[in-house]
Amino acid sequence: MTDARTAAWMTRLRRRSMPFIGAAIFIVLWELFCQLYHVRPVLLPPPSLILQELSLAPLWFAEQAMYTLGITLAGFVVAAVLGVLFAVLITEWAVLDRLLFPLFVALNSVPKVALAPLCIIWFGTGAEPKIAIAFLIAVFAVVIDTILGLRSVPPDTIDLARTLRGSRWKVLTRIKLYCALPHLFAGLKVAMSLALVGAIVGEFVSSQRGLGYVILSAQGMFDTPRVFAAITILAVMGVLLIEAVSIAERLALPWHHSTERPAGH
Amino acid sequence: MIVAQDVAKRFGGETGVTAIEGISLSIAEGEFVSLLGPSGCGKSTFLRCLAGLETITGGSLTIEGKPVDGPPERLGMAFQRDALLDWYNVLDNVLLPADFHGERRSAYEPRAHELLKMAGLTSFAKAYPRALSGGMRQRVAMCRSLLLDPRLLLMDEPFGALDALTRDQLNVDLHRLWERQRMTVLFVTHSISEAVFLSSRIVVFSPRPGKVIEDIKVELPGERKLSVRDSAEFGHYTRHIRGLFESMGLLHD
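Residues numbered from 1 in each chain as written. Chains lettered and ligands numbered in written order. Predicted model: local features only at pLDDT ≥ 70, side-chain atom pairs only at ≥ 80, totals over all residues. Heavy atoms only, no water.

Further remarks concern the overall build of chain B. For chain B, the helix and strand inventory stands at 7 helices and 10 strands. The C-alpha atoms of chain B give a radius of gyration of 18 Å, which matches the 18 Å a tight globule of 253 residues would have. Expressed as lengths along the three principal axes of its C-alpha atoms, the size of chain B is roughly 50 × 45 × 30 Å. Burial analysis of chain B (253 residues in total) assigns 55% to the buried set. Summed over all atoms, the accessible surface of chain B reaches about 11,000 Å², with 48% contributed by carbon and sulfur. Across chain B, 30 positive and 32 negative side-chain charges occur, with their mean positions spaced 3 Å apart. (Helix = DSSP H or I, 4+ residues; strand = E, 2+ residues; numbered from the N terminus. Rg over C-alpha atoms; globule rule 2.2 N^0.38 Å. Buried < 20%, exposed > 50% of the residue type's maximum accessible area, 1.4 Å probe, protein only. Areas by Shrake-Rupley, 256 points an atom, 1.4 Å probe, with all protein chains shown as cover. Lys, Arg positive; Asp, Glu negative; His and termini not counted. Charge placed at Lys NZ, Arg CZ, Asp CG, Glu CD.)

Written as structure tokens, this is what we have:
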């Protein structure tokens, strides 16, 4: 019994540590490549140099990262709330679907990066235009996946709801939204990484703060290690944000991941 | 209670498929009627018309004198796939009809527990459906359809996806329940012995377009045990119905 439990624990540990081993191998190979071929740091700095760069001004980097994180989360939350609302409106009222959905798709086909300068004109140079861009880039994924989810109710369940003579509100809040949740979370993961992209794009266009600004200003001074330091923070932040959505998913959908089985089956 | 006159249902306009045609039936309160026929004969379609899930395209269909337009009141329905909501636990699933009717949950909780106890599921009240076996899920679905004391219970091959042993047990349970409550039940099945075992009356359908071939009154002892299936009368009924299927060319040796 204890042996089995230890074995199970080891398997879990091995599975958990896999991603870190992958990253470690990648970093070691990178370091070796730079050292063996004497790559000039301005072209590709070795990981050790990037780490050194980070350790020189950790607080300053943390401050820039927090700014970008704030923009990303704000854009993500707005995209999630408005995206779900829009999806519900479109699936509940066929008229709105025909009226608005083609327009929505057309607007989404416009490259959002091209809209970034417009956002500056409309919202100034504070945090708002960056949040707006993060929102614009992220919202499409939320809308598309939520619509798919709201329409994925099994036919038997629809029949059941009809025979129970429930109001549309009950059907929406007791059945459709729950059916949509797994799809919604898939959309939220995509939206989270896109919101991060949007935040960086916004900072590229006009900013005095944030990781996007760090990358742009360091690039202007050919300070490649600093560019890489900012990129490294971005990569780690991206992984952590997606992981946070996954954890929220597990908490919100206990019926999806529960492995409990009654005795005798 | 239910009167069907010349009911027809055609899917997809003039060139569409005629599912049922010329169905005339009248069903009294408290009967247990099985609709028996080969798959695709339209017996489920007729049931769905009664449930208000489909609209008839010919004839007239009334429940207590009122034409069916939408799901009738005090209706319980059971589906082949149990249609439990995965995101609610067993108790919440059973309480769903009360919630949809805008009733207070606490008012129906004792009733839900009573039904679960009857179904032998008391210890699973807080479990999610995915933790249950197929037979247990179907029992939960039955508890759900019984919560609001339906006068009419429509069952669309509810035990079709279950193994033979579980199916037998649920047949016994369902018959006992009907003996006690005497609600009107319409039960769609393609199993001859299931129909004979459960019903007070069997309506046999022909293949598509479905028509009523024969209307059989079943007279077996009131309290049914599984051993009734070994009796001479039981064999008489099943032989007779099998004969009907053979004459329709659906079965041959």
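Having seen the model, we can carry on.
Right, let's get into the nonpolar core. Core analysis: the biggest nonpolar cluster contains 91 residues, and Leu35(B), Phe46(B), Leu154(B) and Leu186(B) have the highest contact counts within it. Element by element, the count of residues in this core is highest for helix α8 (residues 168-205) of chain A, at 14 residues. Taken domain by domain, this core gets at least three of its residues from each of domain 1 (1-74 + 151-253) and domain 2 (82-150) of chain B. Look past the residues within four positions of Leu35(B) in its chain and what remains in contact with it is Lys43(B), Phe46(B), Leu47(B), Leu186(B), Phe187(B), Val188(B), Thr189(B), Val203(B) and Phe205(B). Within the second largest apolar cluster, 52 residues are counted, among which are Leu121(B), Cys143(B), Val172(B) and Leu220(B). (Core = buried A, V, L, I, M, F, W, Y, C linked by side-chain atoms within 4.5 Å. Domains from an automatic or database assignment. Contact = heavy atoms within 4.5 Å.)

All names here are of chain B. According to the domain assignment, chain B contains domain 1 (1-74 + 151-253) and domain 2 (82-150). Counting residues at the interface gives 17 residues for domain 1 and 11 residues for domain 2. Carbon and sulfur atoms supply 67% of the area buried between domain 1 and domain 2, which totals about 1,100 Å² over both sides. Remark: the boundary between domain 1 and domain 2 carries 1 salt bridge. On inspection of domain 1 and its partner domain 2, the count reaches 3 residue pairs in polar contact (both at pLDDT 80 or more). The set of elements that each furnish at least two residues to the side of domain 1 that touches domain 2 consists of β7 (152-156) and α5 (164-181). (Buried area = accessible area lost by both parts, 1.4 Å probe. Salt bridge = Lys/Arg side-chain N within 4 Å of Asp/Glu carboxyl O. Polar contact = N/O pair within 3.5 Å; in protein donor to acceptor, adjacent residues only side chain to side chain.)

Here we come to the packing of aromatic side chains. Two aromatic rings, taken as a pair, are described by how far apart their centres are and by the angle between their planes. All chains considered together, the criterion is met by 15 aromatic pairs over all chains. Between the aromatic rings of Phe86(A) and Phe104(A), the centroid separation amounts to 5.1 Å while the plane-to-plane angle is 45°, which identifies the pairing as tilted. You can see Phe86(A) sitting in helix α3 (residues 58-92) and its partner Phe104(A) sitting in helix α4 (residues 94-109), a full 18 residues away along the chain. We note that Phe86(A), like Phe104(A), is buried. Measuring from ring centre to ring centre gives 5.4 Å for Tyr178(A) and Tyr88(B), while their planes differ by 65°; the resulting arrangement is edge-to-face. Note that Tyr178(A) is positioned in helix α8 and Tyr88(B) in the loop between β6 (75-78) and α2 (90-100), a pairing that runs across two chains. Residue classification places Tyr88(B) among the buried residues on the basis of a relative accessible area of 13%. Put simply, the rings of Phe86(A), Phe101(A), Phe104(A) and Phe140(A) pair up and form one aromatic cluster. Positioned above the aromatic ring of Phe11(B) is the side chain of Lys9(B), whose terminal nitrogen or guanidinium carbon lies 4.9 Å from the ring centre. If you follow Arg182(B) out to its NZ or CZ, it ends over the ring of Trp178(B), 4.1 Å from the centre. (Phe/Tyr/Trp six-rings, centres within 6.5 Å; stacked < 30°, edge-to-face > 60°. Lys NZ or Arg CZ within 6 Å of the ring centre and 35° of its normal.)

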